[in-house]
Amino acid sequence: PGKPANFSMILPPEIISRLEQLSKATKRSKAYYVKEALLTYLEDLEDGYLALQRLNDKNEKYLSHEEAKKYLGL
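Reading the values: the criteria
- Residues numbered from 1 in each chain as written.
- Predicted model: local features only at pLDDT ≥ 70, side-chain atom pairs only at ≥ 80, totals over all residues.
- Heavy atoms only, no water.
- Helix = DSSP H or I, 4+ residues; strand = E, 2+ residues; numbered from the N terminus.
- Rg over C-alpha atoms; globule rule 2.2 N^0.38 Å.
- Buried < 20%, exposed > 50% of the residue type's maximum accessible area, 1.4 Å probe, protein only.
- Areas by Shrake-Rupley, 256 points an atom, 1.4 Å probe, with all protein chains shown as cover.
- Contact = heavy atoms within 4.5 Å.
- Salt bridge = Lys/Arg side-chain N within 4 Å of Asp/Glu carboxyl O.

**Student:** Whenever I open this one, the overall build of the protein confuses me. Can you help?
**Tutor:** A count of helical and extended segments in the protein gives three helices and zero strands. When the elements of the protein are put in sequence order from the N terminus, they spell out α-α-α. In summary, the protein has a C-alpha radius of gyration of 20 Å against a globular reference of 11 Å for 74 residues, an excess of more than 25%. The principal-axis extents of the C-alpha atoms in the protein amount to approximately 50 × 30 × 25 Å. Buried positions account for 4% of the 74 residues belonging to the protein. Here the protein displays about 7,400 Å² of accessible surface, and carbon together with sulfur accounts for 59% of that area.

Right under this line is the structure:
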């Protein structure tokens, strides 16, 4: 959503080399892969943060292993 913003950063030569090789092999831009990697990493971080919030919530109800299996019909 919204207008894309410019962003610049310095990457180590080995990462740039890997990006260039992948870009050439797949005919996709380096920016495409940087964006995809960041999106995946951010989603993982956000999921981890949410899990920690829920773990630290003293009012959260937790299921035992057996309760979870029963709930999921396993």
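The rest of the description comes next.
**Student:** Before we go on, may I ask you to explain the side chain of Ser-23 in this structure?
**Tutor:** You can see Ser-23 is positioned in helix H1 (residues 13-26). Leave out the neighbours within four places in its chain, and Ser-23 touches Arg-28, Ser-29, Lys-30 and Tyr-33.

**Student:** I tried to follow the pattern of salt bridges on my own but got confused; where do I start?
**Tutor:** Close approach of charged atoms allows side chains of opposite charge to pair. Considering all chains together, one arrives at two salt bridges under this definition. Between Glu-66 and Lys-69 there is a salt bridge, with the nearest N and O atoms lying 3.9 Å from each other. Of this pair, Glu-66 and Lys-69 are both found in helix H3 (residues 65-71), three residues apart, which corresponds to roughly one turn of the helix. Using a relative accessible area of 30% as the deciding quantity, one classes Lys-69 as partly exposed.

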